[in-house]
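# Descriptive structure summary
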Amino acid sequence: MRAWRTCAFLAGAAFLLAGCAEVARPYVPARIGAIHDTVSSGAIEVSIDTDDRQALIGQPIMFRVTIRNTSQQALWVPRDPDLLFTWIYPDGRRDNFLREFADERFYHEGEAVLLKPGFQMTKFVQIKTYYFERSGITEFRALLHAGRNTNPALNPFWYGEAMSNGYGVLVLDSKKKGFLSGALSSAARVPAS
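The numbering scheme is per chain: residues are counted from 1 as the chain's sequence reads. It should be noted that, the model being predicted, local features are given only for residues of pLDDT at least 70 and side-chain atom pairs only at 80 or more, the latter also being counted only at that level, while totals for whole chains, interfaces and linings use all residues. Note that the side-chain values use all heavy atoms of the structure and ignore hydrogens as well as water.

## What about the overall build of the protein?
The secondary structure listing takes helices from DSSP runs of H or I that are at least 4 residues long and strands from runs of E that are at least 2 residues long, numbered from the N terminus. Assigned secondary structure in the protein consists of two helices and 14 strands. Considering only contacts within the protein whose residues lie at least 6 apart along the sequence, 78% involve residues at least 24 apart. For the protein, the accessible area works out to roughly 11700 Å², and carbon and sulfur atoms hold 56% of it. The criterion used for residue contact is that any of the two residues' heavy atoms lie within 4.5 Å. Computed by Shrake-Rupley with a 1.4 Å probe, the accessible areas treat only the displayed protein chains as cover when residues are assessed.

Right, here's the structure in full:
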(Lines give C-alpha, C1' and ligand atoms only; values in the text may rest on other atoms or scores of the structure.)
Protein backbone atom coordinates (compact mmCIF):
# COMPACT_ATOMS: atom_id res chain seq x y z
CA MET A 1 0.00 0.00 0.00
CA ARG A 2 2.84 2.35 0.88
CA ALA A 3 4.54 1.73 -2.49
CA TRP A 4 1.26 2.46 -4.26
CA ARG A 5 0.91 5.82 -2.42
CA THR A 6 4.50 6.73 -3.24
CA CYS A 7 3.98 5.95 -6.94
CA ALA A 8 0.68 7.88 -6.98
CA PHE A 9 2.34 10.85 -5.26
CA LEU A 10 5.25 10.87 -7.73
CA ALA A 11 2.91 10.53 -10.71
CA GLY A 12 0.73 13.37 -9.40
CA ALA A 13 3.75 15.60 -8.77
CA ALA A 14 5.09 14.91 -12.26
CA PHE A 15 1.67 15.71 -13.74
CA LEU A 16 1.47 19.01 -11.83
CA LEU A 17 5.01 20.01 -12.76
CA ALA A 18 4.39 19.20 -16.40
CA GLY A 19 1.31 21.44 -16.29
CA CYS A 20 3.41 24.31 -15.00
CA ALA A 21 5.76 24.19 -17.96
CA GLU A 22 5.50 27.27 -20.11
CA VAL A 23 4.58 26.83 -23.75
CA ALA A 24 6.43 29.18 -26.07
CA ARG A 25 3.99 31.66 -27.56
CA PRO A 26 4.29 32.70 -31.20
CA TYR A 27 5.55 36.18 -31.96
CA VAL A 28 2.61 38.56 -32.31
CA PRO A 29 3.05 41.95 -34.07
CA ALA A 30 2.41 44.88 -31.75
CA ARG A 31 3.88 47.93 -33.47
CA ILE A 32 2.55 50.12 -36.26
CA GLY A 33 5.17 51.65 -38.54
CA ALA A 34 8.80 50.84 -39.26
CA ILE A 35 10.72 48.41 -37.10
CA HIS A 36 14.40 49.22 -37.47
CA ASP A 37 15.89 45.73 -37.59
CA THR A 38 17.16 45.40 -41.16
CA VAL A 39 19.49 42.45 -41.75
CA SER A 40 22.19 43.69 -44.13
CA SER A 41 23.91 41.34 -46.55
CA GLY A 42 27.14 43.25 -46.00
CA ALA A 43 26.96 45.11 -49.32
CA ILE A 44 23.23 45.63 -49.88
CA GLU A 45 20.64 46.90 -47.42
CA VAL A 46 16.91 46.57 -48.03
CA SER A 47 14.25 48.65 -46.29
CA ILE A 48 10.49 48.87 -46.71
CA ASP A 49 7.98 51.56 -45.86
CA THR A 50 4.49 52.61 -46.86
CA ASP A 51 2.15 55.56 -46.54
CA ASP A 52 -0.56 53.03 -45.58
CA ARG A 53 -0.19 52.75 -41.80
CA GLN A 54 -3.72 51.28 -41.76
CA ALA A 55 -5.83 49.53 -44.38
CA LEU A 56 -9.15 47.79 -44.71
CA ILE A 57 -9.18 44.09 -45.54
CA GLY A 58 -9.55 43.95 -49.32
CA GLN A 59 -7.68 47.24 -49.83
CA PRO A 60 -4.19 46.78 -51.34
CA ILE A 61 -1.15 48.07 -49.44
CA MET A 62 1.58 49.72 -51.55
CA PHE A 63 5.12 49.27 -50.21
CA ARG A 64 8.28 51.13 -51.24
CA VAL A 65 11.30 48.83 -51.27
CA THR A 66 14.61 50.68 -51.11
CA ILE A 67 17.75 48.80 -52.14
CA ARG A 68 20.93 50.61 -51.06
CA ASN A 69 24.58 49.88 -51.79
CA THR A 70 26.34 50.05 -48.41
CA SER A 71 29.70 48.79 -49.71
CA GLN A 72 32.74 50.82 -50.73
CA GLN A 73 32.55 49.82 -54.41
CA ALA A 74 30.04 50.10 -57.23
CA LEU A 75 27.90 46.98 -57.63
CA TRP A 76 25.60 45.70 -60.32
CA VAL A 77 22.19 44.61 -59.04
CA PRO A 78 19.15 43.28 -60.94
CA ARG A 79 16.91 46.05 -62.32
CA ASP A 80 13.86 43.95 -61.41
CA PRO A 81 15.09 41.90 -58.47
CA ASP A 82 13.31 38.92 -56.97
CA LEU A 83 11.35 40.20 -53.97
CA LEU A 84 9.45 37.90 -51.64
CA PHE A 85 7.12 39.56 -49.15
CA THR A 86 6.35 37.73 -45.93
CA TRP A 87 4.03 38.78 -43.13
CA ILE A 88 2.90 37.82 -39.67
CA TYR A 89 -0.82 38.09 -38.95
CA PRO A 90 -2.15 39.50 -35.64
CA ASP A 91 -2.48 35.96 -34.24
CA GLY A 92 1.19 35.10 -34.97
CA ARG A 93 0.51 32.99 -38.07
CA ARG A 94 3.06 33.52 -40.84
CA ASP A 95 2.33 33.76 -44.57
CA ASN A 96 3.91 34.80 -47.88
CA PHE A 97 3.61 34.59 -51.62
CA LEU A 98 5.30 31.43 -52.85
CA ARG A 99 8.13 32.02 -55.31
CA GLU A 100 11.05 30.03 -56.58
CA PHE A 101 14.34 31.79 -57.18
CA ALA A 102 16.97 30.89 -59.77
CA ASP A 103 20.43 30.03 -58.43
CA GLU A 104 22.13 31.74 -61.36
CA ARG A 105 21.24 33.81 -64.37
CA PHE A 106 22.86 35.58 -67.32
CA TYR A 107 22.01 39.27 -66.88
CA HIS A 108 22.20 41.59 -69.89
CA GLU A 109 23.24 45.19 -69.21
CA GLY A 110 19.64 46.41 -69.62
CA GLU A 111 18.52 43.99 -66.90
CA ALA A 112 20.90 45.39 -64.29
CA VAL A 113 21.68 48.70 -62.59
CA LEU A 114 25.10 49.86 -61.43
CA LEU A 115 24.72 51.25 -57.90
CA LYS A 116 27.62 53.39 -56.73
CA PRO A 117 28.52 53.33 -53.02
CA GLY A 118 25.74 55.00 -51.02
CA PHE A 119 23.34 55.02 -54.00
CA GLN A 120 19.96 53.35 -53.92
CA MET A 121 17.02 52.38 -56.09
CA THR A 122 13.36 52.07 -55.19
CA LYS A 123 10.80 49.51 -56.26
CA PHE A 124 7.07 49.44 -55.49
CA VAL A 125 5.21 46.29 -54.49
CA GLN A 126 1.47 46.01 -53.93
CA ILE A 127 0.18 43.48 -51.39
CA LYS A 128 -3.43 42.38 -51.82
CA THR A 129 -5.32 41.83 -48.57
CA TYR A 130 -8.68 40.49 -49.76
CA TYR A 131 -8.02 37.08 -48.17
CA PHE A 132 -6.72 38.36 -44.81
CA GLU A 133 -8.95 36.85 -42.13
CA ARG A 134 -8.26 38.92 -39.06
CA SER A 135 -8.17 42.55 -37.96
CA GLY A 136 -5.14 43.82 -36.12
CA ILE A 137 -1.50 44.69 -36.70
CA THR A 138 0.15 42.68 -39.47
CA GLU A 139 3.94 42.89 -39.77
CA PHE A 140 5.48 42.79 -43.26
CA ARG A 141 9.05 42.12 -44.46
CA ALA A 142 10.70 41.81 -47.87
CA LEU A 143 13.38 39.33 -48.85
CA LEU A 144 15.61 40.43 -51.74
CA HIS A 145 17.18 37.62 -53.74
CA ALA A 146 19.59 37.67 -56.68
CA GLY A 147 21.08 34.57 -58.28
CA ARG A 148 24.72 34.47 -59.27
CA ASN A 149 25.34 36.43 -62.50
CA THR A 150 27.02 34.44 -65.29
CA ASN A 151 27.71 37.48 -67.53
CA PRO A 152 31.41 38.33 -67.04
CA ALA A 153 30.88 41.85 -68.47
CA LEU A 154 28.86 42.87 -65.38
CA ASN A 155 31.24 42.64 -62.45
CA PRO A 156 31.19 42.95 -59.54
CA PHE A 157 27.58 41.77 -59.36
CA TRP A 158 25.79 41.43 -56.03
CA TYR A 159 24.10 38.11 -55.41
CA GLY A 160 22.62 36.43 -52.37
CA GLU A 161 19.79 37.43 -50.05
CA ALA A 162 19.03 40.40 -47.81
CA MET A 163 16.06 40.78 -45.46
CA SER A 164 14.36 44.14 -44.93
CA ASN A 165 13.18 45.75 -41.74
CA GLY A 166 9.72 44.91 -40.47
CA TYR A 167 6.78 47.26 -40.99
CA GLY A 168 3.51 47.00 -39.05
CA VAL A 169 0.21 47.97 -40.66
CA LEU A 170 -3.13 48.06 -38.84
CA VAL A 171 -5.40 45.94 -41.05
CA LEU A 172 -9.10 46.29 -40.23
CA ASP A 173 -12.20 44.34 -41.19
CA SER A 174 -14.51 46.74 -43.02
CA LYS A 175 -17.56 44.70 -41.98
CA LYS A 176 -17.06 45.50 -38.29
CA LYS A 177 -18.09 49.16 -38.31
CA GLY A 178 -18.09 49.59 -34.53
CA PHE A 179 -14.62 48.13 -34.24
CA LEU A 180 -13.36 50.27 -37.12
CA SER A 181 -13.88 53.67 -35.52
CA GLY A 182 -12.43 52.57 -32.17
CA ALA A 183 -9.42 50.91 -33.79
CA LEU A 184 -8.66 53.97 -35.89
CA SER A 185 -8.67 56.26 -32.87
CA SER A 186 -6.51 53.87 -30.82
CA ALA A 187 -4.14 53.43 -33.78
CA ALA A 188 -3.67 57.20 -33.88
CA ARG A 189 -2.32 57.03 -30.33
CA VAL A 190 0.34 54.44 -31.19
CA PRO A 191 3.68 56.27 -31.27
CA ALA A 192 5.45 56.27 -34.61
CA SER A 193 8.99 55.01 -34.75
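After presenting the structure, the write-up continues.
## Brief notes about the sheet that holds strand β4 (residues 61-69)
Paired strands are those between which DSSP finds at least two bridges. Spatially, the three strands line up as an open sheet ordered β2-β4-β10, and their pairing is antiparallel. Every interior strand has two partners, whereas the edge strands, β2 (44-49) and β10 (120-127), have only one. Within the sheet, the average angular offset between the axes of one strand and its neighbour, ignoring direction, is 20°. Pairing of β4 with β10, which is carried by eight bridges, proceeds in the antiparallel orientation. From the neighbouring strand, arginine 64 faces β10, where its bridge partner is phenylalanine 124. With axes taken as lines fitted to C-alpha atoms, and helix axes fitted only over the stretch in contact, angles between N-to-C directions fall between 0 and 180 degrees.

## Overview of unusual backbone geometry
Phi is mostly negative for residues that are not glycine, and the peptide bonds are mostly trans. Looking along the chain, the bond that leaves asparagine 155 and enters proline 156 is cis, with omega of -5°. Within the fold, proline 156 resides in the loop between β12 (148-149) and β13 (160-163).

## Some words on the packing of aromatic side chains
Remark: the centre distance and the inter-plane angle together describe each pair of aromatic rings, the angle taken between the planes. Centres within 6.5 Å make a pair out of two Phe, Tyr or Trp rings, where for Trp the six-membered ring is used; the pair is then stacked when the planes are under 30 degrees apart, edge-to-face when over 60, and tilted otherwise. Evaluated as defined, the whole model comprises ten aromatic pairs. Ring geometry for tyrosine 107 and phenylalanine 157: centres 4.7 Å apart, planes at 25°, overall stacked. Here phenylalanine 157 lies in the loop between β12 and β13 and tyrosine 107 lies in the loop between β8 (104-105) and β9 (112-115), a separation of 50 residues in the sequence. Across the pair, exposure class does not vary: tyrosine 107 and phenylalanine 157 are buried alike. Burial classes: relative accessible area under 20% of the type maximum marks a residue as buried, over 50% as exposed, and values in between as partly exposed (1.4 Å probe, protein chains only).

## Examining the side chain of glutamate 139
As for its position among the elements, glutamate 139 is in strand β11 (residues 136-146). Definition of a polar contact: a pair of N or O atoms within 3.5 Å, with one able to donate and the other able to accept a hydrogen when the atoms are protein atoms, and with sequence-neighbouring residues admitted only if both atoms are side-chain atoms. Among the polar contacts made by the side chain of glutamate 139, one reaches the side chain of tyrosine 27 at a distance of 2.6 Å. At a separation of 3.1 Å, a polar atom in the side chain of glutamate 139 contacts the side chain of arginine 141. Excluding residues within four positions of it along the chain, glutamate 139 makes contact with Tyr27, Pro29, Ile35, Thr86, Trp87, Ile88, Gly166, Tyr167 and Gly168.

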